[in-house]
Amino acid sequence: MYKNDKVIRRYSEPFKLKILAELTTGKHTKSELCKLYSIAPTTVNEWIKKYNRKDLMNTRVKVETKDEISRIKGLQKKIEQLKKLLIKKDLDAMVLDSYLEVAAEDLGYNSVADLKKKLSIKP
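Parameters and conventions
- Residues numbered from 1 in each chain as written.
- Predicted model: local features only at pLDDT ≥ 70, side-chain atom pairs only at ≥ 80, totals over all residues.
- Heavy atoms only, no water.
- Helix = DSSP H or I, 4+ residues; strand = E, 2+ residues; numbered from the N terminus.
- Buried < 20%, exposed > 50% of the residue type's maximum accessible area, 1.4 Å probe, protein only.
- Areas by Shrake-Rupley, 256 points an atom, 1.4 Å probe, with all protein chains shown as cover.
- Salt bridge = Lys/Arg side-chain N within 4 Å of Asp/Glu carboxyl O.
- pLDDT = per-residue confidence, 0-100.

Engineer: Explain the overall build of the chain to me, using residue names and the numbers behind them.
Structural biologist: Check the secondary structure of the chain and you find five helices and zero strands. Moving toward the C terminus, one meets the helices and strands of the chain in the order α-α-α-α-α. For the chain, the residues scored as buried account for 15% of the 123 residues in total. Looking at the chain as shown, the accessible area adds up to about 11,100 Å², and 57% of this sits on carbon and sulfur atoms.

Engineer: Can you lay out the pattern of salt bridges for me, pointing to particular residues and giving the numbers?
Structural biologist: Using the criterion set out here, one finds four salt bridges in the structure. In this structure, Glu13 and Lys50 form a salt bridge, with 3.1 Å as the shortest nitrogen-oxygen distance. Note that Glu13 is positioned in helix H1 (residues 13–25) and Lys50 in helix H3 (residues 41–50), a separation of 37 residues in sequence. Exposure remark for Glu13: the relative accessible area of 36% places this residue in the partly exposed category. Taking the relative accessible area as the measure of exposure, Lys50 reaches 48% and is therefore partly exposed. In this structure, the salt-bridge partner of Asp92 is Lys88, at a minimum N-O distance of 3.0 Å. Of this pair, Asp92 and Lys88 both sit in helix H4 (residues 66–106), four residues apart, which is roughly one turn of that helix. Judged by its relative accessible area of 42%, Asp92 falls in the partly exposed class. Relative accessible area serves as the criterion here: at 48%, Lys88 is assigned to the partly exposed category. Among the ionic contacts, a cluster of salt bridges with common partners joins Glu13, Lys16 and Lys50.

Engineer: Hey, could you go over unusual backbone geometry for me, with residue numbers and the actual values?
Structural biologist: For Ser38, which is not a glycine, the phi torsion comes out positive at approximately 55°. Of note, Ser38 is situated in the loop between helix H2 (30–37) and H3. For Asn52, which is not glycine, the phi torsion reads 55° and is therefore positive. Here Asn52 is to be found in the loop between H3 and H4. Accessibility expressed as a relative area gives 54% for Asn52, which makes it exposed.

Engineer: Please give an account of the confidence of the model for the chain that cites residues and values.
Structural biologist: Within the chain, residue pLDDT values average 85, and 89% of them lie at 70 or more. At the level of individual helices and strands, the chain shows its lowest average pLDDT in helix H5 (residues 112–119), which scores 82, and its highest in H4, which scores 92.

Here it is, written out as structure tokens:
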């Protein structure tokens, strides 16, 4: 057999419809079905076109009203605020840990945990 030899597979109509029916149920993605049955994704796409099942194509429809756009922008601002707060909280925790390390060393404790126990600071 030569390098460029291709194996042409023929699939029965019931098999094609079975694959499309499984795709419709949503239990498996197109790529999962292709791997499961050793079918090329382009072949499944051809079947989708052949049987006029455009609902199974990976197309996206994006409808945005002015309300949706303003809501999305508001949520994006909120996400940025939360990110900044989280960074500040992490920095505050790092500063506190640094202070505790210095204090533990200056006061002669073996570790920060010993100092926290003495001062009854919760970790």
